[in-house]
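# A closer look at the structure
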Amino acid sequence: MYKINDGCPNCGACKSVCPVGAIKFDGKTFISSDCIDCGICVRSCPVKLIVSEDDNKAAKTEVKKTAKKEE
């Protein structure tokens, strides 16, 4: 599953290319559970704010590990 990070300008580039209509707008743009993980939205985002939730979790874990080593 993908998610849209903060800072999205709501330009609609991702919504226009989603083959299953999983990208919705309700005050801000978000990806619904209809997402099929094709990644087309990631490539279409002009500000690169769409990420895989797995990649996002891995990055947060790495930050925590680095912070722990510095203590």
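In case you missed it, the structure is sitting above this.
Residues numbered from 1 in each chain as written. Predicted model: local features only at pLDDT ≥ 70, side-chain atom pairs only at ≥ 80, totals over all residues. Heavy atoms only, no water.

Turning our eyes to something else, we now look at the side chain of Thr-29. Its place among the elements puts Thr-29 in strand β3 (residues 29–31). At 2.7 Å, the side chain of Thr-29 and the side chain of Asn-10 are in polar contact. With residues up to four places along the chain from it excluded, the contact list for Thr-29 reads Ile-4, Cys-8, Asn-10, Cys-14, Ile-23 and Lys-24. (Helix = DSSP H or I, 4+ residues; strand = E, 2+ residues; numbered from the N terminus. Polar contact = N/O pair within 3.5 Å; in protein donor to acceptor, adjacent residues only side chain to side chain. Contact = heavy atoms within 4.5 Å.)

Our focus in this paragraph is unusual backbone geometry. If a residue is not glycine, its phi is most likely negative; likewise, a peptide bond is most likely trans. Within the chain, Asp-37 stands out as a residue other than glycine whose phi angle is a positive 60 degrees. Within the secondary structure layout, Asp-37 lies in the loop between β3 and α2 (40–44). When its relative accessible area of 41% is taken as the criterion, Asp-37 is described as partly exposed. Of note in the backbone geometry, Lys-48 takes a positive phi value of approximately 55 degrees without being a glycine. Along the chain, Lys-48 turns up in the loop between α2 and β4 (50–52). When its relative accessible area of 56% is taken as the criterion, Lys-48 is described as exposed. (Buried < 20%, exposed > 50% of the residue type's maximum accessible area, 1.4 Å probe, protein only.)

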